[in-house]
Amino acid sequence: MAVLKWAARSRDEEGNLLLDSNPPKGLRKPREKNPNRVVLTEGE
């Protein structure tokens, strides 16, 4: 996300934007309800 935001604001040597727009701007970031993962023991 940070790189896309940077590229949408940065310009090249000729003054053109590196990206015309930030494609995922406005989209929700995926989030999990339970970010804890199940850990298996060595025997499992």
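Visitor: Explain a positive patch on the surface to me, using residue names and the numbers behind them.
Guide: Together, Lys-5, Arg-9, Lys-25, Lys-29 and Arg-31 line one region of the surface with positive charge. Relative to the helices and strands, Arg-9 resides in helix 1 (residues 2-9).

Visitor: Just give me the short version of the side chain of Asn-22, but keep the residues and values in it.
Guide: Relative to the helices and strands, Asn-22 is located in the segment after helix 1. Once you skip the residues sitting within four places of it in the chain, Asn-22 turns out to touch Leu-4, Lys-5 and Ala-8.

Visitor: Give me the environment of Glu-42: which residues, what numbers.
Guide: As for its position among the elements, Glu-42 is in the segment after helix 1. The exposure class of Glu-42 is exposed, given its relative accessible area of 87%. Along the sequence, Glu-42 and Asn-16 sit 26 residues apart, while their C-alpha atoms lie 55 Å from each other.

Procedures and definitions
- Residues numbered from 1 in each chain as written.
- Predicted model: local features only at pLDDT ≥ 70, side-chain atom pairs only at ≥ 80, totals over all residues.
- Heavy atoms only, no water.
- Patch = residues over 30% accessible without salt bridge, like charges linked within 9 Å, V, L, I, M, F, W, Y side chains within 5 Å.
- Areas by Shrake-Rupley, 256 points an atom, 1.4 Å probe, with all protein chains shown as cover.
- Salt bridge = Lys/Arg side-chain N within 4 Å of Asp/Glu carboxyl O.
- Lys, Arg positive; Asp, Glu negative; His and termini not counted.
- Charge placed at Lys NZ, Arg CZ, Asp CG, Glu CD.
- Helix = DSSP H or I, 4+ residues; strand = E, 2+ residues; numbered from the N terminus.
- Contact = heavy atoms within 4.5 Å.
- Buried < 20%, exposed > 50% of the residue type's maximum accessible area, 1.4 Å probe, protein only.

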